[in-house]
Structures are given as C-alpha cells and as structure tokens.
Amino acid sequence: MAITYRCLIIDDESPAHKALASHISKFDDLEHSGSAFSGMEAVKMLNENTYDIIFLDINMPVISGVELMELQPKRPLTIVTTAYSDFALSAYQNDAIDYLLKPISFEKFSKAIEKARIYFSGATTKKETTTDTKVLSHRVNGQMTETLLSDIIYIESLGNYMKLYSTKLKSPIIIYGSLSSIAAEIDSANFIQVHRSFIVNITKIKAVTFKSLTMLNGEIIPVGRKYQILLDNLEIR
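Here is what the cut-offs are and how they apply
Residues numbered from 1 in each chain as written. Predicted model: local features only at pLDDT ≥ 70, side-chain atom pairs only at ≥ 80, totals over all residues. Heavy atoms only, no water. UniProt positions renumbered as here; feature names shortened; annotations may be inferred. Contact = heavy atoms within 4.5 Å. Helix = DSSP H or I, 4+ residues; strand = E, 2+ residues; numbered from the N terminus. Buried < 20%, exposed > 50% of the residue type's maximum accessible area, 1.4 Å probe, protein only. Lys, Arg positive; Asp, Glu negative; His and termini not counted. Salt bridge = Lys/Arg side-chain N within 4 Å of Asp/Glu carboxyl O. Polar contact = N/O pair within 3.5 Å; in protein donor to acceptor, adjacent residues only side chain to side chain. Patch = residues over 30% accessible without salt bridge, like charges linked within 9 Å, V, L, I, M, F, W, Y side chains within 5 Å. Areas by Shrake-Rupley, 256 points an atom, 1.4 Å probe, with all protein chains shown as cover. Pairing = 2+ DSSP bridges. Axes fitted to C-alpha atoms, helices over the stretch in contact; angles between N-to-C directions.

## As for the UniProt feature "modified residue: 4-aspartylphosphate" (unreviewed entry) in the protein
- Residues annotated in UniProt with the feature "modified residue: 4-aspartylphosphate" (unreviewed entry) correspond here to Asp57.
- In contact with Asp57, not counting residues within four places along its chain, are Ile10, Asp11, Asp12, Gly65, Thr81, Thr82 and Lys102.

Structure (structure tokens):
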C-alpha cells in the first residue's frame, strides 16, 4: 500500500495557503488534510486530528509559529514557511526539518519534501510500549535509577535541575537537566507542559481552573498564559 502523508497548512494569509496547497497537489504521496489560519486554530486541530507534516508560518497573531512549536514539542514533522529569516535558529532548535522563505518555489518545496521522506524512511520501527511500562532514567546521589512514567505526578524546573514528584515517593527527588530535554525523553501523550517551569502528568490532575491545576498530591500548579489554550480540550480522567 502506498504511503500518503497528511499535511496541515498553518498560515494567517490566504495566498500562502493557496500556493502551498498547489505544491502539495503535485505529489502523489502528499494529502492536503487541513488548513489553519491562526496559531490558536492550529493548536485545536493538532489536538483533535493526526497529521504527518505541518507547514508553519512564523509571523501570526496571538500565537506565533515559534510559540506554537514550543507549545507542541511532540507535533508532526515541521517545515517552516515564512517571509522572515530572523527565526531560523529558533525553528531548528525546535526541530523544524526545513526553513523555507517566501515566495516558496516548487524546487525549494520539493527539496523540503525529500528531506521529509528521508526522515520518515529512516525512522526506527519499535515495538510500542505503554506509559505503564515506560521509564525515565535519571541519576540520584550518583546512582542511576528509573521512575515509571505512570508514577510521575509532575516535574518542576529549578534552573539546571528539576524536582520530580512521584506517587511512590514521600518527597520529590532532585535530578539534573532541563524541561526541554526531559520532554523529549518522556515522549508520552500523558504529559504536557503548562508553564515554563512545569510539566504535568494529565492523568494525575484532580481539577482545572483558568490559571492553575490541582494535582493528585494536592499541589497547585500555575498555568502560564501561552499554555492555557492547551487545557481547552483537556479531559480529566
């Protein structure tokens, strides 16, 4: 069966949508599966649907392309499409696979798609594991240890260190690292970042308000302004 990659275009300008949709239509293995005209609309669509590739504009109102990448670290493969060259470093730091400057020629678009194909073809096929069996490896008092992801309540940033709160521990443990690095290691749909200093396990949330979360252990976690949209479709289990 032929592989088809579902594509989402995210841009606040209609001409950009038209141009990208035209490029997409010329590839048998690409499908134009959605169009978002703002960052907020894109977040909603990404939470409700599955895509393989997103074409992301940078300069958008309310939520910029860079902010969207930070809000969605586990988003689909990202190709940035923008009129601004200033944000290339930020884009690549957030794992964009290519950075295309408008107007985007079909030749440049084709090269970006080839990079995407190489990425997908090189992806390692693994046996899927559930959150119940996945572990986070970390060092405590000089010794390597592991914590089940399903036991983590939340993780709090402390500069170059973090506090990890677990259902199995009476007090948090201190581990070395940053939230951005640990977000990639966790790699689970059950974890979201809700503040620049906090990643939470959504299965351990007891209550949600506009500006805070109450966790299983009774702690109140603040919700940052730019992260509030992530809670709109959150279901407490």
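## Some words on the side chain of Arg75
- Here Arg75 shows up in the loop between helix H3 (65-71) and strand S4 (77-82).
- Here Arg75 occupies a buried position and makes no salt bridge, while the nearest side chain of opposite charge, Asp95, is found at 5.5 Å.
- Looking at Arg75, its side chain comes within polar contact range of the main-chain oxygen of Gln72, at 3.0 Å.
- Residues within four places of Arg75 in sequence aside, it is in contact with Ile54, Met69, Asn94, Asp95 and Ala96.

## What about a nonpolar patch on the surface?
- A cluster of nonpolar residues, Leu158, Tyr161, Ile174 and Tyr176, forms a patch on the protein surface that exposes about 440 Å² of accessible area.
- Residue Ile174 is classed as partly exposed on the basis of its relative accessible area of 44%.

## Here's the deal with the sheet that holds strand S14 (residues 212-215)
- Taken in spatial order, the 3 strands line up as S13-S14-S15 in an open sheet, and their pairing is antiparallel. Because the sheet does not close on itself, it has two edges, and the strands there are strand S13 (205-208) and strand S15 (220-222). With direction set aside, neighbouring strand axes in the sheet form an average angle of 30°.
- Bridge analysis of S13 against S14 gives 3 bridges, and the strand direction is antiparallel. Paired with Val208 across the two strands is Leu213, which belongs to S14.

## Looking at the pattern of salt bridges
- Scanning the model with the defined rule gives 9 salt bridges in all.
- Across the salt bridge formed by Asp29 and Arg117, the nearest N and O atoms sit 2.7 Å from each other. With a gap of 88 residues between them, Asp29 in the loop between helix H1 (14-25) and strand S2 (30-36) and Arg117 in helix H5 (residues 106-122) connect regions that are remote in the sequence.
- Overall, the relative accessible area of 15% leaves Asp29 in the buried class.
- Under the relative-accessibility criterion, Arg117 is labelled partly exposed at 25%.
- Two residues, Asp98 and Lys115, come together in a salt bridge whose shortest N-O distance is 3.3 Å. Note that Asp98 is positioned in strand S5 (residues 98-101) and Lys115 in helix H5, a separation of 17 residues in sequence.

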